[in-house]
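# Overview (structure and organization)
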Amino acid sequence: MLALFVGFGLVVGVLFGFFGMGGSFLVTPALLMLDYPAPVAVGSGMAFVFGTAVIATLKHHDLGQVDYKLGVIMITGTTIGIEAGRASVYYLESMGLAGGVISVAYVVLLGGVGAMVTRDALKGDDGDGGGVDHEAADKDLDEYEIPEVAKKIQRTVRIPPMVTLRGDVRVSAWVITAVAFATGVLSGFLGVGGGFIRMPAMIYAIGVPVPVAVGTDLFEIVFSGGLGSYLYGQGGGVDLGIVAPLLFGSALGARVGSAATAVVDSDEIKVYFGGMLLVGSIAVGIGEVGSFLGNSTLELLGLVLVIGAAVVVAFAVLYTTVTSLRVTRRQQTSAAD
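To keep things clear, this report deals only with the structure shown in the data block. (Residues numbered from 1 in each chain as written. Predicted model: local features only at pLDDT ≥ 70, side-chain atom pairs only at ≥ 80, totals over all residues. Heavy atoms only, no water.)

A tally of helices and strands in the chain yields 13 helices and two strands. Sequence-distant contacts in the chain: of pairs separated by 6 or more residues, those separated by 24 or more amount to 80%. When the accessible surface of the chain is summed, it comes to about 13,900 Å², and 67% of that surface belongs to carbon and sulfur atoms. (Helix = DSSP H or I, 4+ residues; strand = E, 2+ residues; numbered from the N terminus. Contact = heavy atoms within 4.5 Å. Areas by Shrake-Rupley, 256 points an atom, 1.4 Å probe, with all protein chains shown as cover.)

Counted by the stated rule, this structure contains two aromatic pairs. Geometrically, the ring pair formed by Tyr 68 and Phe 219 is edge-to-face, given 4.9 Å between the ring centres and 80° between the ring planes. Pair noted here: Tyr 68 is in helix α4 (residues 68-94) and Phe 219 is in helix α10 (residues 210-234), with a separation of 151 residues, a long-range link. Look at Tyr 68 and you get partly exposed, because its relative accessible area is 35%. (Phe/Tyr/Trp six-rings, centres within 6.5 Å; stacked < 30°, edge-to-face > 60°. Buried < 20%, exposed > 50% of the residue type's maximum accessible area, 1.4 Å probe, protein only.)

For the rest of this paragraph, the subject is the nonpolar core. Phe 8, Leu 26, Ile 102 and Met 276 are the most contacted members of the largest nonpolar core, which has 49 residues in total. With eight residues, helix α13 (residues 296-336) is the single largest residue contributor to this core. Ignoring any residue separated from it by four or fewer positions in sequence, one finds Phe 8 in contact with Leu 26, Val 27, Ala 30, Leu 246, Val 306, Ile 307 and Ala 310. Of all hydrophobic cores here, the second largest spans 26 residues; its members include Val 163, Ile 176, Met 199 and Ala 205. (Core = buried A, V, L, I, M, F, W, Y, C linked by side-chain atoms within 4.5 Å.)

Our focus in this paragraph is the packing of α4 against α10. Interhelical geometry of α4 versus α10 gives an angle of 30° and a closest axis separation of 9 Å. α4 and α10 meet at a crossing whose hand is right-handed. For the contact of α4 with α10, a count of residues per class yields 13 nonpolar, six polar and three charged. (Axes fitted to C-alpha atoms, helices over the stretch in contact; angles between N-to-C directions. Left-handed = near helix turned anticlockwise from the far one by under 90°. Nonpolar A, V, L, I, M, F, W, Y, C, P; charged D, E, K, R; others polar.)

This part takes up the side chain of Ser 172. Mapping Ser 172 onto the fold places it in strand β2 (residues 169-172). A polar side-chain atom of Ser 172 sits 3.1 Å from the main-chain amide nitrogen of Trp 174. Leave out the neighbours within four places in its chain, and Ser 172 touches Val 157, Ile 159, Pro 161 and Met 162. (Polar contact = N/O pair within 3.5 Å; in protein donor to acceptor, adjacent residues only side chain to side chain.)

A separate point is the side chain of Ser 44. Along the chain, Ser 44 falls in helix α3 (residues 38-62). Overall, Ser 44 belongs to the buried group, its relative accessible area being 0%. There is a polar contact of 2.8 Å between the side chain of Ser 44 and the backbone oxygen of Val 40.

The next thing to look at is helix α11 (residues 240-260). The terminal C-alpha atoms of α11, which comprises 21 residues, lie 29 Å apart, in line with the 30 Å expected from a rise of 1.5 Å per residue. Of all the bends in α11, the greatest measures close to 35° and is centred on Ser 250. Here α11 has its buried residues at Ile 242, Val 243, Pro 245, Leu 246, Gly 249, Ser 250, Gly 253, Ala 254, Gly 257, Ser 258 and Ala 260. (Expected span 1.5 Å × (residues − 1). Bend = angle between axes of the 7 residues up to and from the residue.)

Here we take up a nonpolar patch on the surface. Taken together, Leu 10, Leu 252, Val 256, Phe 315 and Leu 318 make up a surface patch of nonpolar side chains, about 440 Å² in accessible area. Of all the elements in the fold, those that place two or more residues in the nonpolar patch are α11 and α13. The topology assignment puts Val 256 in helix α11. On the basis of relative accessible area, Val 256 is assigned to the partly exposed category, the value being 33%. (Patch = residues over 30% accessible without salt bridge, like charges linked within 9 Å, V, L, I, M, F, W, Y side chains within 5 Å. Salt bridge = Lys/Arg side-chain N within 4 Å of Asp/Glu carboxyl O.)

Once that is clear, we can look at the pattern of salt bridges. Enumeration over the complete set of coordinates arrives at one salt bridge. We note a salt bridge from Glu 83 to Arg 86, for which the minimum N-O separation is 2.9 Å. You can see Glu 83 and its partner Arg 86 sitting in helix α4, three residues apart, about one turn around the helix. A relative accessible area of 33% places Glu 83 in the partly exposed class.

Another point: α3. Under the 1.5 Å per step criterion, the end-to-end length of α3 is 36 Å for 25 residues, consistent within 8% with the ideal 36 Å. Judged by how many residues are buried, α3 sits mostly within the fold: 18 of 25 residues are covered. Note on α3: the residue one or two positions beyond its end, Gly 64, has a positive phi of about 70°.

We now examine the packing of α3 against α10. At a closest axis distance of 7 Å, the pairing of α3 and α10 adopts a crossing angle of 145°. Between α3 and α10 the crossing geometry is left-handed. From α3, Pro 39, Val 42, Gly 43, Met 46, Ala 47, Val 49, Phe 50, Ala 53, Val 54, Ala 56, Thr 57 and His 60 reach across to α10, where they touch Val 214, Gly 215, Leu 218, Phe 219, Ile 221, Val 222, Ser 224, Gly 225, Gly 226, Gly 228, Ser 229 and Tyr 232. Looking at the contact of α3 with α10, its residues break down into 15 nonpolar, nine polar and no charged.

Right, here's the structure in full:
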């Protein structure tokens, strides 16, 4: 189990650092499939995502991809949402329904977001007409085309105060707060940083450039994960025997994943991430059916699918990174010749 948690932490760290998400939304269902109580699975997932977010945020800060104004505004809504989600988990646990309800919620959310990401990746509709340049400076951020749905929200919701974000994005603070509250509820209820919902929401609802959405999402997760960990820890919901080996493995993985954003065109890998979410949705569903029927084979299959999907996408990130570095090196050598 120790080796499993360390290895899983390494894989998830790579995903977390690269996508700004992909942490505990895999860890929590895996712990539920391993028969940990729902509060422990959720609380330990939040503690893990907190530690990983700190590591990855430092790297994205160095790349200039964090909008602290946006992050601070979102923290308010997130804080209220987390407490609402946490209270819901303990209420459902007292009724003996927490594990099943959380698993069903995972199936719906992972499947929905995975379908959206995969569809956009296959259509090439990433809002900027190409890949994501994670090293974009301020002067380049306004070159990212704002998705149509975000433009519509910005035109429709003009409730003061209006704030200007990096990339020359002007939006109502109430839109930001609403997005933060919704993802905060998810964080507290599902034990996730909320990134796999919050980052698409920042892009499609607020209109934030993709590189800034990744870095700011991680910055915000530091606070949401820290608060959630503290609240669950007070109720005995954080198992350090789980969190410590996960963090040990993810420490290296998060640095590698964050560094990869500087050289990898994320459009090349987006379809794999969407596929991972879809597989994760199916895996959680299979595991829950196996648990309901008392079929250990189905439960094991669900766990293998969750871990396997994460491993495949992590290796895809690493492979694309190495390939990109080789192409760059060859181009530099040719130019020198």
